[in-house]
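Here's the letter readout for the chains.
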Amino acid sequence: MNWFTLSLAGWRQRPLRTGVTAAGVGLAVAAWFSLLSFQAGYRDGMKNELDRLGAHILVVPKGCPYDAASIALHGASWPCYLPAAYLDEVRAAPGVTTAAPAFMTALHEGTSTNTVYVGVDENFLRLRPAWQIRGRFPQATNELLLGAEAARRRHWQVGQTVPLPGLTNATGLVSGILGPTHGAEDDFIYLRLADAQHLFAHPRQLTHILVRLADPNALDRAVTHLRGCYAGMDMNIVPLAHLFHTIQSLVNSTRLLLGCVAAVALLVAAAGVGNTILMAVAERTREIGVMRALGASRADIFRLFWWETMQVCLAGGTGGLAFAFLASRLLENWLRARLPFAPVDALIRWEWWAAAAGLAGAALVGSIAGFLPAWRAARLSPVLAMRSTGGDA
Amino acid sequence: MTTSPQENTSVIAAQALTKIYQRGREEVRALDAVSFTVARGEFTAITGPSGAGKSTLLNLLGCMDAPTSGTLRLDDREVHGLDERARTELRRSTVGFVFQHFGLLPTLTVEENVVLPALFARRSSARRAEMLLEKVGLLHRRTHRPHELSGGEMQRVAIARALINEPRLLLADEPTGNLDSATGYSIITLFQQLNAEGLTVLVVTHNAVMTAAARRQLALRDGRLADGK
Ligand SMILES: Nc1ncnc2c1ncn2[C@@H]1O[C@H](COP(=O)(O)OP(=O)(O)OP(=O)(O)O)[C@@H](O)[C@H]1O
Ligand SMILES: [Mg+2]
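Conventions adopted
Residues numbered from 1 in each chain as written. Chains lettered and ligands numbered in written order. Predicted model: local features only at pLDDT ≥ 70, side-chain atom pairs only at ≥ 80, totals over all residues. Heavy atoms only, no water. Helix = DSSP H or I, 4+ residues; strand = E, 2+ residues; numbered from the N terminus. Buried < 20%, exposed > 50% of the residue type's maximum accessible area, 1.4 Å probe, protein only. Contact = heavy atoms within 4.5 Å. Pairing = 2+ DSSP bridges. Salt bridge = Lys/Arg side-chain N within 4 Å of Asp/Glu carboxyl O. Buried area = accessible area lost by both parts, 1.4 Å probe. Polar contact = N/O pair within 3.5 Å; in protein donor to acceptor, adjacent residues only side chain to side chain. Domains from an automatic or database assignment. Nonpolar A, V, L, I, M, F, W, Y, C, P; charged D, E, K, R; others polar. Near = heavy atom within 4 Å. Areas by Shrake-Rupley, 256 points an atom, 1.4 Å probe, with all protein chains shown as cover. 1 Å grid on protein atoms, 1.4 Å probe; cavity = no way out; pocket = protein on both sides within 12 Å on 5 of 7 lines; lining within 4 Å. Sits in = over half its atoms within 2 Å of the grid points. Points joined across faces, edges and corners; volume = space filled by probe spheres on them.

Peer 1: Please set out the overall build of chain B residue by residue, giving values where relevant.
Peer 2: Each helix and strand in chain B was counted, giving eight helices and 10 strands. Along the first, second and third principal axes, the C-alpha set of chain B runs to 45 × 40 × 35 Å. Evaluated residue by residue, chain B yields a buried proportion of 54% over its 229 residues. The contacts in chain B between residues at least 6 apart in sequence include a share of 73% that link residues at least 24 apart.

Spelled out as structure tokens, the structure:
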């Protein structure tokens, strides 16, 4: 036997109460961990996605919803369109090296799956230097470039003539298949811009324009120019770097609020633990007297109860981390449905530093909550403790 | 301090030992100038009516509390005037306690209960625990928990526990008070056996058989020793 098993024995005496207390700590730690890892996951995920867009500015039709960037990234049908003629004005803006026009739409295939079609031209390739194409980029009418996942799922090969999903009586020739990019575009089907405009009956219209600048620091100048030009009346100019910061600050303020809630949860858990151990001290007064008679010093008694509190908190904290890990999927889906801009990457990832911070929080709760009861137990006079009727020792 | 040859071999030497409790404004003289010595190897019974100060005396002898006045030497070391910490040290190394209510920790096994004082004293104890459990006839119960034992068995475990740190002095406060007479008798026999092996035993008791078994009796009444030396 050692000090560890002795303090374990303390809470074996009242497993249910200890369990409930530990669960409180666990929940607080789970909230704490989720918050920390979510924040990191969301920031990194969003940054990756915007990098993946390969553009500095996104030009979308006026009146589009605020989440146009999310639509461009994740693929969906657009409710409004841009005249293709605006492209020239965009290209004329200072600092613009590439302006890639795109026509995107999503078709329902069966009941649930969406097929996303994106019409692009060669300009688009300049935004995707990392693309690896087996076969070639569509050059003739009806040629298709498939995302890795889109091809894999349907078992389509280069050179195959295939029915276009979601459309009747339309076929295309697979001219190329993309290597995996681990983004939403793995599911996309690319085709020539003109084909897309024709196929979906929006001739000379675009859904968005992706703009790349020679110097990303010249963003403000280009944006001001674009907003001021004639076509600017009908276009929404979205500077993506600013978008990142805007969304980030939105999330940060929510995080502050959630952080306060998590901190309060931690404090409540601390109070719960403190209370439970105080009760234990009261109930075990006689036992404490006996231990003193058997040679335990004040420091021994203090350590015993302090340790016991720490054990409850660390056990609760570990349980809370396990719970957070298991529940992260659920929480992730729940969050995804409510975020203005949810990256495809996992939002809540297992972060070792966040787990360590969670456990450190639990230990902090334990050491603070354990102090008062342990101190009180240590200060009991052994003679009075022996006379007490508390406990059955 | 006078050190007569007799005091050199005494385990307990109390001189005008007084303990006054404060109960509100009232002073309770629980012990009033009690003087006596106990030599090594003695078996002493302390008797007296309820409230006579028996437990108070035992607590002072066991270094659980400090006297209001008077002097106390245990195993030739001065106890009066020692602080909390030093009393704890002395208690660990010198005294073994046995209680009326056994005082076993309910969540620990028999063996864990026995080694508990060794843990507090930072001593290794596994072999000695086994030996002591053997001696009190409960080795086969070592992994049991106290609630699985009878009262007599619990008290035997408590006695084994009191002996784990090889104390000079065994103090017991009504050790048969919660036992029927037959079981109590077996505990008395155990005390006699331990005493025969050289242990100094001091028992507070109401039990006539125990009192008779002890080779010396001290009677307390209203905090004073009625007779004896
Ligand atoms: N902590 C205390 N505060 C005030 N009075 C006390 C305290 N402890 C003991 N007393 C009083 O001191 C006197 C002696 O008490 P003690 O417990 O020593 O008696 P006892 O001889 O052991 O009695 P019993 O046979 O009932 O156990 C009693 O009057 C008791 O009320
Ligand atoms: Mg008493």
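Anyway, onward from the coordinates.
Peer 1: Give a detailed account of the sheet that holds strand β2 (residues 26–39) of chain B, specifying residues and quantitative values.
Peer 2: The strands that make up a sheet are held in pairs by hydrogen bonds between backbone atoms, and each pair lies either parallel or antiparallel. All names here are of chain B. Within the open sheet, the four strands sit side by side as β2-β1-β4-β5. Their pairing is antiparallel. Looking at the sheet topology across the chains shown, the edges are occupied by β2 and β5 (77–78). With 10 bridges connecting them, strand β1 (residues 10–23) and β2 associate as antiparallel partners. Each bridged residue has a counterpart across the sheet, and for A14 the counterpart in β2 is F36.

Peer 1: A description of the pattern of salt bridges should follow, citing residues and the corresponding values.
Peer 2: The final tally for this structure, using the stated rule, is 29 salt bridges over all chains. Among the salt bridges present, the one from R298(A) reaches E84(B), with a minimum N-O distance of 3.9 Å. With R298(A) in helix α11 (residues 298–336) and E84(B) in helix α3 (residues 84–94), the pair connects residues from two separate chains. Given the relative accessible area of 34%, R298(A) is considered partly exposed.

Peer 1: Residues and numbers for the environment of G166(A), please.
Peer 2: All names here are of chain A. Relative to the helices and strands, G166 is located in the loop between β7 (161–163) and β8 (171–178). Judged by relative accessible area, which is 41%, G166 ranks as partly exposed. With 53 residues separating them along the chain, G166 and T113 place their C-alpha atoms 9.6 Å apart. With sequence-adjacent residues up to four places away left out, G166 is seen in contact with L107, H108 and E109.

Peer 1: Residue-level account of the interface of chain B and chain A, with values.
Peer 2: Residue-level contacts link 26 residues of chain B with 26 residues of chain A. Taken together, the two surfaces of chain B and chain A that pack against each other cover about 2400 Å², and 67% of this comes from carbon and sulfur. Ranking the residues of chain B by area buried against chain A places M64(B), L119(B) and F120(B) at the top, with a combined share of 25%. On the surface where chain B and chain A come into contact, there are five residue pairs in polar contact (both at pLDDT 80 or more).

Peer 1: Could you give an account of the domain arrangement of chain A, with specific residues and numbers?
Peer 2: Think of interface size as the accessible area that goes away when the parts come together; that is how it is often given. Residue and element names in this part refer to chain A. Its domain assignment divides chain A into domain 1 (3–48 + 253–387) and domain 2 (54–245). A C-alpha centroid distance of 50 Å is found between domain 1 and domain 2. Of the residues lining the interface, nine residues belong to domain 1; the matching set on domain 2 comes to 11 residues. Around 640 Å² of area is buried between domain 1 and domain 2 when both sides are counted, 77% of it from carbon and sulfur atoms. For the pair domain 1 and domain 2, the interface holds zero residue pairs in polar contact (both at pLDDT 80 or more). Of the residues that constitute the side of domain 1 that touches domain 2, the class distribution is six nonpolar, no polar and three charged.

Peer 1: Requested: an account of the site of ligand 1, with residues and values cited.
Peer 2: As a structural note, the neighbourhood of ligand 1 is formed by 16 residues, with S50(B), G51(B), K54(B), S55(B) and T56(B) the closest of them. With respect to ligand 1, the backbone of A52(B) contributes an N or O atom lying 3.3 Å from an oxygen atom. Contact with the protein chains covers 77% of the free accessible surface of ligand 1, which is 640 Å². Mapping ligand 1 onto the cavity grids shows that it belongs to the largest pocket. Sorting the residues of the shell around ligand 1 by element identifies α13 (382–387) of chain A together with β1, β2 and α2 (54–61) of chain B as the ones contributing at least two each. The element best represented in the shell around ligand 1 is α2(B), accounting for three residues.

Peer 1: Provide a residue-level description of empty space enclosed by the protein, including the pertinent values.
Peer 2: Unoccupied space between atoms shows up once a probe the size of one water molecule is rolled over them. Following the criterion strictly, the structure yields three cavities of 30 Å³ or more and no others. Looking at the largest cavity, its volume works out to about 140 Å³. Taken together, 16 residues line the largest cavity, and the ones lying closest to its centre are L53(A), A72(A), R128(A), E185(A) and F188(A). Within the residue set of the lining of the largest cavity, elements represented by two or more residues are α2 (15–53), α3 (68–74) and β11 (208–213) of chain A. Among the elements that line the lining of the largest cavity, the one with the most residues is α2(A), at three residues. Looking at side-chain class alone, the lining of the largest cavity contains 10 nonpolar, two polar and four charged residues. Here the second largest cavity defines a volume of roughly 80 Å³. Around the second largest cavity, the lining is made up of 13 residues, and of these L294(A), V95(B), G96(B), P117(B) and A162(B) lie nearest the centre. Breaking the lining of the second largest cavity down by element, the ones donating at least two residues are α3, β6 (95–98) and α6 (151–162) of chain B. The element best represented in the lining of the second largest cavity is β6(B), accounting for three residues. Grouping the amino acids of the lining of the second largest cavity by side-chain chemistry returns eight nonpolar, two polar and three charged.

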